[in-house]
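# Structure at a glance
These are the residues of each chain, in order.
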Amino acid sequence: SFTFAHTYYFAFAEVEYNEINKSLEATIIASAHDVESVLRENDVISKSLDYAKKNKKEYYAINDFINKNFSVYAADSLSFLTLDSSLPPQLEFVMDGFEVLLNGDVQFYLSAKIQNPINQFYVKFDFLMEKFPEQQNKLTFRFRDKKFTNNYLTTTRIQLIKLDS
């Protein structure tokens, strides 16, 4: 069978703390083809992202998959050395929706309620890295007038973000 391959694999996440709604709002952007491939291989979806949008079980399964591969942990409660991917994330993101764009990307819209912003926290962003060892993810976090950008590779799946620096 023919499989589509390309030389780079990417995902971008933009996260912002919304002080009015008291929530973290995130958008994850990745190649729809890559995402569909991984979701099918992991039995998260049966057909396509468009089909999953209309299938409640698959829609919630995508949300669970994203939470396993895009997680936020309060740094005060953990040491980086003890941070284990089997730990549950501090924040559970809810997928507010997603859309497959004409350029071949998919955008997932997520939010998580958080009463007060955490000064420092770890973000695990290993989205699609199990399937694609060359996967590179980039996260931009915005808080008030500050902006933080981190790159995630298979060797750096978890990084610390300090808001007070």
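A quick note: this is a predicted structure, and the numbers were derived from the prediction, not measured. (Residues numbered from 1 in each chain as written. Predicted model: local features only at pLDDT ≥ 70, side-chain atom pairs only at ≥ 80, totals over all residues. Heavy atoms only, no water.)

## Considering the overall build of the protein chain
Formally: Think of it this way: any DSSP run of H or I at least four residues long counts as a helix, any run of E at least two long counts as a strand, and we number them from the N terminus. To sort residues, take the accessible area from a 1.4 Å probe on protein chains only and compare it with the maximum for the residue type: under 20% means buried, over 50% means exposed, and anything in between is partly exposed. In what follows, residue pairs with any heavy atoms lying within 4.5 Å of each other are defined as contacts. All accessibility values rest on the Shrake-Rupley procedure with a 1.4 Å probe; residue burial counts only the protein chains present in the view.
Helix and strand counts for the protein chain come out as 3 helices and 9 strands. Listed N to C, the secondary structure of the protein chain is β-β-α-α-α-β-β-β-β-β-β-β in terms of helices and strands. Per-residue burial over the protein chain gives 48% buried out of 165 residues. A separation threshold of at least 6 residues defines the contact pool for the protein chain, and within that pool the share at least 24 residues apart is 57%. Of the roughly 9,400 Å² that the protein chain leaves accessible, carbon and sulfur atoms contribute 50%.

## Considerations on the nonpolar core
Rules: Definition of nonpolar core: a set of buried residues of the types Ala, Val, Leu, Ile, Met, Phe, Trp, Tyr and Cys, connected through side-chain atoms within 4.5 Å.
Of all hydrophobic cores here, the largest spans 48 residues; its most connected members are I62, F70, F108, F125, F127, L139 and F141. Considering every element that reaches this core, the biggest residue donor is strand β1 (residues 9-18), with 5 residues. In this structure F70 touches A13, V15, A26, I28, F93, L110, V123, K124, F125 and L139, once residues within four positions along its chain are discounted.

## Some points on the sheet that holds strand β4 (residues 94-100)
Here is the rule: Note on pairing: two strands pair once DSSP finds at least 2 bridges between them. Each axis is a line fitted through C-alpha atoms, taken for helices only over the stretch in contact, and angles between the N-to-C directions span 0 to 180 degrees.
Pairing within the open sheet is mixed, and its 6 strands lie in the order β4-β5-β2-β1-β7-β8. Both edges of this open sheet fall to β4 and β8 (146-152), since each of them pairs with a single strand only. Ignoring strand direction, the axes of neighbouring strands in this sheet form an average angle of 15°. Sheet topology note: the strand β7 (residues 135-143)/β8 ladder contains 7 bridges and is antiparallel. Across the sheet, residue F141 finds its bridge partner in β8, namely F148. Where helix α3 (residues 56-69) meets the sheet, it contacts β2 (23-31), β4 and β5 (105-113), and its direction lies at approximately 105° from that of β4.

## Observations concerning helix α1 (residues 32-41)
Burial analysis of α1 places 7 of its 10 residues in the buried class, which makes it a mostly covered element. A32, D34, V35, E36, S37, V38 and L39 are the residues of α1 that are buried. Just downstream of α1, D43 is the residue with a positive phi angle, here 55°.

## Things to note about the sheet that holds strand β9 (residues 158-162)
Within the open sheet, the 3 strands sit side by side as β3-β6-β9. Their pairing is antiparallel. The open sheet terminates on both sides in strands that have one partner only, identified here as β3 (70-74) and β9. Taking each pair of neighbouring strands and ignoring which way they run, the sheet shows an average axis angle of 25°. This element, α3, spans β3 and β6 (120-125) of the sheet and lies at about 50° to β3.

## Things to note about empty space enclosed by the protein
For clarity, the cut-off: Using only the protein atoms, space was sampled on a 1 Å grid; points where a 1.4 Å probe fits but cannot get out form cavities, open sets with protein on both sides within 12 Å along at least five of seven lines form pockets, and lining residues are those with an atom within 4 Å of a point. Grid points are joined across faces, edges and corners, and a volume is the space filled by probe spheres set on the points. When residues are sorted by character, Ala, Val, Leu, Ile, Met, Phe, Trp, Tyr, Cys and Pro go into the nonpolar class, Asp, Glu, Lys and Arg into the charged class, and all the rest, Gly among them, into the polar class.
The full count for this structure, using the stated rule, is 1 cavity of 30 Å³ or more. A volume near 50 Å³ is recorded for the largest cavity. Surrounding the largest cavity, 10 residues form its lining, L24, I114, I118, F121 and F141 being those nearest its centre. Within the lining of the largest cavity, the residues separate by chemical class into 10 nonpolar, no polar and no charged.

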